[in-house]
Amino acid sequence: DAKTTQPNSMESNEEEPVHLPCNHSTISGTDYIHWYRQLPSQGPEYVIHGLTSNVNNRMASLAIAEDRKSSTLILHRATLRDAAVYYCILRDNTNAGKSTFGDGTTLTVKP
Amino acid sequence: NAGVTQTPKFRILKIGQSMTLQCAQDMNHNYMYWYRQDPGMGLKLIYYSVGAGITDKGEVPNGYNVSRSTTEDFPLRLELAAPSQTSVYFCASSSHSYGYTFGSGTRLTVV
């Protein structure tokens, strides 16, 4: 399974935008880029996913580089409730949808 | 809509005991997964299933077994529990093209 690389931690101020980066230089053509977040003592929660084009939903936006070797999760206005561990993973739907989770990025939001 | 239900939420086992972690989903998803998460780490895939009667090993299958007799249920069996199996266990399900839905986890301690 292709791997992803994320910074261990990031900080943001409340109500400011947050850009969480992810590198996936060995991504294959059939890999989808997924983002999840995990609040303390909870299971991971789906945030967004995409293949090639940028994606928006009510939670966040996903910007995918043209060569697909990196992506950025954008939280438009961080709130204290967005403090969590964010995981960027690659999911190959031709391979039973298995994914490898790294250690993610711990986002701290300061009031 | 219940989503993915895991039972029990907490369990303490003695070394050498066995137990079954239960996982049920009501979304008619074909794909189901078991992950474990050690403190401060990402998730590691134990076993997965692409449909009833079909299972396969993930990254860390040793000491575990699974079965998938129905679409809804995917129990994880621990035989001869060891302290190294102390972890939080997450079950997840998905359809072919969408993200994972995770359960709330089972926190297992082996003493």
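All of these numbers come straight from a predicted model, not from anything done at the bench.

Trainee: What exactly am I supposed to notice about the sheet that holds strand β4 (residues 45–50) of chain A here?
Mentor: Strand pairing in a sheet relies on backbone hydrogen bonds. The paired strands run either parallel or antiparallel. All names here are of chain A. Strand order in the open sheet formed by five strands is β1-β9-β8-β3-β4, and the pairing between neighbours is mixed. Looking at the sheet topology across the chains shown, the edges are occupied by β1 (9–13) and β4. Each strand of the sheet is rotated relative to its neighbour by a mean of 25°, with strand direction disregarded. As defined by bridge partners, strand β3 (residues 31–38) adjoins β4 across five bridges and the pair is classed as antiparallel. Bridged to His34 within β4 is His49.

Trainee: Help me understand the state of the cysteines, please; the structure alone is not making it clear to me.
Mentor: A disulfide bridge is the covalent bond that connects two cysteines by way of their sulfur atoms. Under the criterion given, the structure shown has two disulfides over all chains. Disulfide partner of Cys22 of chain A: Cys88 of chain A, at an S-S distance of 2.1 Å. Disulfide Cys22 of chain A-Cys88 of chain A: torsion about the S-S bond near -80°, hence left-handed. On the criterion of sequence distance, the pair formed by Cys22 of chain A in strand β2 (residues 18–23) and Cys88 of chain A in strand β8 (residues 84–92) is long-range, its members being 66 residues apart. Of the two residues, Cys22 of chain A and Cys88 of chain A, both sit in the buried class. Note that Cys23 of chain B is cross-linked by a disulfide to Cys91 of chain B, the S-S spacing being 1.8 Å. Classification of the bridge connecting Cys23 of chain B and Cys91 of chain B rests on its S-S torsion, roughly -70°, and on that basis the disulfide is left-handed. Here Cys23 of chain B, found in strand β3 (residues 19–25), pairs with Cys91 of chain B, found in strand β9 (residues 87–94); they are 68 residues apart in sequence, far enough to count as distant. With relative accessibility at 0%, the residue Cys91 of chain B sits in the buried group.

Trainee: Sorry if this is basic, but what is going on with the packing of aromatic side chains here?
Mentor: Two aromatic rings are characterised by how far apart their centres lie and by the angle between their planes. Residues and elements named next belong to chain B. Per the counting criterion, the structure on display carries 15 aromatic pairs over all chains. Their ring planes at 80° and their centres at 6.3 Å tell us that Tyr35 and Tyr100 sit as a pair that is edge-to-face. With Tyr35 in strand β4 (residues 31–37) and Tyr100 in the loop between β9 and β10 (101–102), this residue pair connects regions lying 65 residues apart in the sequence. Both residues of the pair, Tyr35 and Tyr100, belong to the buried class.

Trainee: Is there a simple way to explain the interface of chain A and chain B in this structure?
Mentor: The parts lose accessible area when they come together, and the size of an interface is often stated as this lost area. Each partner contributes to the interface: chain A provides 21 residues, whereas chain B provides 23 residues. Carbon and sulfur atoms make up 51% of the area that chain A and chain B hide from each other, which totals about 1700 Å². Our count for the contact surface shared by chain A and chain B stands at zero salt bridges. Linking chain A with chain B are eight residue pairs in polar contact (both at pLDDT 80 or more), by the criterion used here. Elements that contribute at least two residues to the side of chain A that touches chain B include exactly β3, β4 and β8 of chain A. A breakdown of the residues in the side of chain A that touches chain B according to their chemical character gives seven nonpolar, eleven polar and three charged.

The rules we used
Residues numbered from 1 in each chain as written. Chains lettered and ligands numbered in written order. Predicted model: local features only at pLDDT ≥ 70, side-chain atom pairs only at ≥ 80, totals over all residues. Heavy atoms only, no water. Pairing = 2+ DSSP bridges. Helix = DSSP H or I, 4+ residues; strand = E, 2+ residues; numbered from the N terminus. Axes fitted to C-alpha atoms, helices over the stretch in contact; angles between N-to-C directions. Disulfide = S-S within 2.5 Å. Buried < 20%, exposed > 50% of the residue type's maximum accessible area, 1.4 Å probe, protein only. Phe/Tyr/Trp six-rings, centres within 6.5 Å; stacked < 30°, edge-to-face > 60°. Contact = heavy atoms within 4.5 Å. Buried area = accessible area lost by both parts, 1.4 Å probe. Salt bridge = Lys/Arg side-chain N within 4 Å of Asp/Glu carboxyl O. Polar contact = N/O pair within 3.5 Å; in protein donor to acceptor, adjacent residues only side chain to side chain. Nonpolar A, V, L, I, M, F, W, Y, C, P; charged D, E, K, R; others polar.

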